[in-house]
Amino acid sequence: MPRSIKNLSRKRYIIAIFFLCLYTGWSLYYASNKASELYKQSELAILAIQEKSNAIYKISQIVQNRSIILLKMLNERDDFIRDSLYQQLFHEAFEFRKYRDELKNSSLTEQQNNAFKDLLELTAKNAEIQMLVASQLLDEQTTEAAKKLFNSVIPNQIPIAIEIKSLSDLLEKENSFILTELRSKLAKSQIKIITLTSLFSVSAIFLLYILIIWLRKGERLLTNKKAVNDNIIDSASDAIIMVNDNGVITLFNRAASLLFGYEASEVINKPIKTLISSGFDGLLTQLNDGSQGNKDFSYENFAYHKNLDKKPIQITITDTGVTGSNRYSLFIRDITQSKENERQIVEKTLEIENAKEEYKRLSETDALTQIPNRRSYDSRLADEINTAKRSGQKLALLIFDIDSFKQYNDFYGHDLGDVTLKRIAETISATLPRSTDFVARFGGEEFVVLLPSTDTAGAYEVAERIRMKVNSLAIPHEVSTPESVVTVSVGLSSMHADEMSYVNLFKQADEALYVAKASGKNRTKVFKTNPSKHLKSV
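Procedures and definitions
Residues numbered from 1 in each chain as written. Predicted model: local features only at pLDDT ≥ 70, side-chain atom pairs only at ≥ 80, totals over all residues. Heavy atoms only, no water. 1 Å grid on protein atoms, 1.4 Å probe; cavity = no way out; pocket = protein on both sides within 12 Å on 5 of 7 lines; lining within 4 Å. Points joined across faces, edges and corners; volume = space filled by probe spheres on them. Helix = DSSP H or I, 4+ residues; strand = E, 2+ residues; numbered from the N terminus. Nonpolar A, V, L, I, M, F, W, Y, C, P; charged D, E, K, R; others polar. Buried < 20%, exposed > 50% of the residue type's maximum accessible area, 1.4 Å probe, protein only. Arc of directions from axis to C-beta. Core = buried A, V, L, I, M, F, W, Y, C linked by side-chain atoms within 4.5 Å. Contact = heavy atoms within 4.5 Å. Salt bridge = Lys/Arg side-chain N within 4 Å of Asp/Glu carboxyl O. pLDDT = per-residue confidence, 0-100. Axes fitted to C-alpha atoms, helices over the stretch in contact; angles between N-to-C directions. Parallel < 35°, antiparallel > 145°, perpendicular 65-115°, else oblique. Left-handed = near helix turned anticlockwise from the far one by under 90°. Phe/Tyr/Trp six-rings, centres within 6.5 Å; stacked < 30°, edge-to-face > 60°. Pairing = 2+ DSSP bridges. Expected span 1.5 Å × (residues − 1). Polar contact = N/O pair within 3.5 Å; in protein donor to acceptor, adjacent residues only side chain to side chain.

Some details on empty space enclosed by the protein
In this approach the atoms are scanned with a rolling probe the size of a water molecule, which exposes any empty space left behind.
Then comes step 1: Per the counting criterion, the structure on display carries 2 cavities of 30 Å³ or more.
Then comes step 2: Residue lining of the largest cavity: F150, I154, P155, Y502, V503, F506 and K507, and that is the complete set.
Then comes step 3: With 4 residues, the single largest contributor to the lining of the largest cavity is helix α15 (residues 502-518).
Then comes step 4: Its volume calculated, the second largest cavity comes out at about 40 Å³.
Then comes step 5: Together, I49, Q50, S53, I352, A355, K356 and Y359 line the second largest cavity.
Then comes step 6: When residues of the lining of the second largest cavity are traced back to their parent elements, those giving at least two are α1 (3-75) and α10 (336-363).
Then comes step 7: The residue inventory of the lining of the second largest cavity, partitioned by class, reads 4 nonpolar, 2 polar and 1 charged.

Next up, the structure:
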């Protein structure tokens, strides 16, 4: 074949590789921009997730607060305070609409939207009954209002809480899917960038190798080839090192100098193991574990910087197949930023999980006493009823009410009232005999205790122990109590699994509490059902 035709063929081959390098470099730039956009999308997605979770939490709090306000109105005899509580209902309704509209305006899936509509239907029906109860209380129709409150409003909290839990689960599932998808996209983007970078560098090395072979035919062409060689290698964004058969460095580009902190003159003719932690002989064993010919092997390792720092790197080692000074080529990429990006993703994920746990804890904890609140009690009661029905055991409920607590607040002030609430909550918690027993602040000065697998006698013993512990605190109460100390009245109900329901258990304990109050306070009363199954007595 004529020399001119051979030269033309070689030129075309080199030009093709050169354009491949340009195309790969452009693709790398494009992939890097896409990766930046993905990180921005991740931040926006995390912000949207937090806003949805906050809206659900606020709605659940508002639903709970409205029932608590009605209970306060039922127990309140002062018309001015009742009217103030009535105004609070309207304020809570305004807050509900605000967070409802936030969820409406957010992007919800069809399944989430259906659950949200079901929740709105339940809360709308319950709100209508709540407003009717409030109006009856303002009109002094206390008996009718109490019936609606305990027969409709409070029991309706369970399906509402279930629907809120269902919507929260759907949002959590969507959030997990979004985060997983973003992590997958980011991982694919990183792989794409690494692949493109490797292709770009390998193409540059291959182009350099072709030039070396071509220009070796003449001394003048060899000089020109060295200049091109140095320019290409030094212009590469990643470190390129070439070593001979014995693992001694023969080439060290500018990017390698920046990565390792050494000038080329300091490492040329030095063993590669001074820069890379893994043994070079072991790498050659893995590289040569296959058929003969040009082979390459990629792995992650650490680079030793001149100042003794260690940096994570991606290494691609290639056997050129040519014995001599350029036997093996190493393409080394600093992946510190990639590792940092992975760490940030993990941190963001942990932040979201921690935020979710904190939202759950705050939503189920009473802010003043730091014991479980009414919402936590509703959830625990449903679980305990289901457990009792599965095991055929009894479940006992105690309702504690601080005697003459309104007079206490009026006389001593609300600050001391809050301190008293905390001390009584601590006393009840510390006196419960088992880890499975549960105490919660029901609202105002009322506390509830659930005693799984406990009959009436056992529950009475626990109630009396707590009552006496409260008496022993000797908290002064100069008004409205003959003992002149803070005391509590207790209503007790223990039901078998076959007879148990959320409403009946609470109503029985509440009726027993009413009798304890009417009998002189500072005592425990047990609810009992007479043989007729119609009339109830305590």
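With respect to helix α4 (residues 142-153)
Then comes step 1: Burial in α4 covers these residues: A145, A146, L149, F150 and V153. Buried residues along α4 cover an arc of 120° about the axis, so they all sit on one side.

What to know about the layout of surface pockets
Then comes step 1: In this structure, the second largest pocket encloses a volume near 910 Å³.
Then comes step 2: In terms of lining, the second largest pocket is formed by 32 residues, of which the most central are I164, K165, S168, E364 and R375.
Then comes step 3: Every element with two or more residues in the lining of the second largest pocket is listed here: α1, α5 (157-215), α10 and α11 (374-391).
Then comes step 4: The leading source of residues in the lining of the second largest pocket is α5, at 12 residues.
Then comes step 5: Class assignment of the residues belonging to the lining of the second largest pocket gives a composition of 12 nonpolar, 9 polar and 11 charged.

Here we look at the nonpolar core
Then comes step 1: With 36 residues, the main nonpolar core has L70, M73, L149, F150, Y377, L381 and L397 as its most contacted residues.
Then comes step 2: Ignoring anything within four residues of it in the chain, the contact list for F150 reads L71, L74, P155, V503, F506 and D510.
Then comes step 3: By size, the runner-up hydrophobic cluster in this structure holds 27 residues, among which are I371, A396, Y408 and A425.

Observations concerning unusual backbone geometry
Then comes step 1: Look at N269: it is not a glycine, yet its phi comes out positive at around 70°.
Then comes step 2: Note on placement: N269 falls in the loop between α8 (264-267) and α9 (280-287).
Then comes step 3: Taking the relative accessible area as the measure of exposure, N269 reaches 59% and is therefore exposed.
Then comes step 4: One non-glycine residue, K521, lies in the positive phi region at around 70°.
Then comes step 5: Relative to the helices and strands, K521 resides in the loop between α15 and β10 (524-526).
Then comes step 6: According to the relative accessible area criterion, K521 is partly exposed, its value standing at 27%.

Side note on the pattern of salt bridges
Then comes step 1: The full count for this structure, using the stated rule, is 14 salt bridges.
Then comes step 2: For E461, the salt bridge is made with R465, and the minimal N-O distance between the two is 3.1 Å. With a gap of 4 residues between them, E461 and R465 both fall in helix α14 (residues 456-473), about one helical turn apart.
Then comes step 3: Salt bridges sharing common partners tie together E340, R343 and E347.

Focus on the environment of N246
Then comes step 1: Note on placement: N246 falls in the loop between β1 (239-243) and β2 (249-252).
Then comes step 2: In the structure, N246 is positioned 82 residues away from Y328 in sequence and 9.7 Å away in space, judged by C-alpha atoms.

Considering the confidence of the model for the protein
Then comes step 1: Across the protein, pLDDT averages 81, with 88% of residues at or above 70.
Then comes step 2: When the criterion is pLDDT under 50, residues 531-538 qualifies, and its contacts beyond four places in sequence or with other chains add up to 12 contacts.

Focus: the packing of helix α13 (residues 414-431) against α14
Packed helices, taken two at a time, are described by the angle between their axes plus the distance between the axes.
Then comes step 1: Closest axis-to-axis distance for the α13/α14 pair is 10 Å, and the angle between their directions is 140°. As judged from the angle between their axes, α13 and α14 are oblique. Considering the relative orientation of α13 and α14, their crossing is right-handed. For the pair α13 and α14, contact is made by R423, I424, T427, I428 and T431 and by R465, I466, K469, V470 and L473, respectively.

Here we look at the packing of aromatic side chains
Then comes step 1: Here the structure, examined in full by the defined rule, presents 8 aromatic pairs.
Then comes step 2: Members of the aromatic cluster, connected to one another through ring pairs, are F150, Y377, F442 and F506.

Comments concerning the sheet that holds strand β9 (residues 488-495)
Strand-to-strand pairing in sheets goes through backbone hydrogen bonds, with the strands running parallel or antiparallel.
Then comes step 1: Read from one edge to the other, the open sheet built from 5 strands follows the order β7-β8-β6-β9-β10, with strand pairing classed as mixed. Every interior strand has two partners, whereas the edge strands, β7 (438-443) and β10, have only one. Neighbouring strand axes in the sheet, compared pairwise and without regard to direction, differ in orientation by 20° on average.
Then comes step 2: The pairing of strand β6 (residues 395-402) with β9 spans 8 bridges and is classified as antiparallel.

Observations regarding helix α2 (residues 79-105)
One turn of the α-helix equals 3.6 residues, which is why residues spaced by three or four share an orientation.
Then comes step 1: The terminal C-alpha atoms of α2 lie 40 Å apart, and with 27 residues this matches the ideal 39 Å at 1.5 Å per residue to within 8%.
Then comes step 2: Burial in α2 covers these residues: R82, L85, Y86, L89, E92, A93, E95, F96, Y99 and L103.
Then comes step 3: Between a side-chain oxygen at the N-terminus of α2 and the backbone nitrogen of F80 the separation is 2.8 Å; the capping residue is D78.

Here's the deal with the pairing of β7
Then comes step 1: Of all 6 residues making up β7, 5 are buried, and the element is well covered by its neighbours.
Then comes step 2: One ladder, built from 5 bridges, connects β7 with strand β8 (residues 446-452); its direction is antiparallel. What sits directly across from V439, in β8, is V449.

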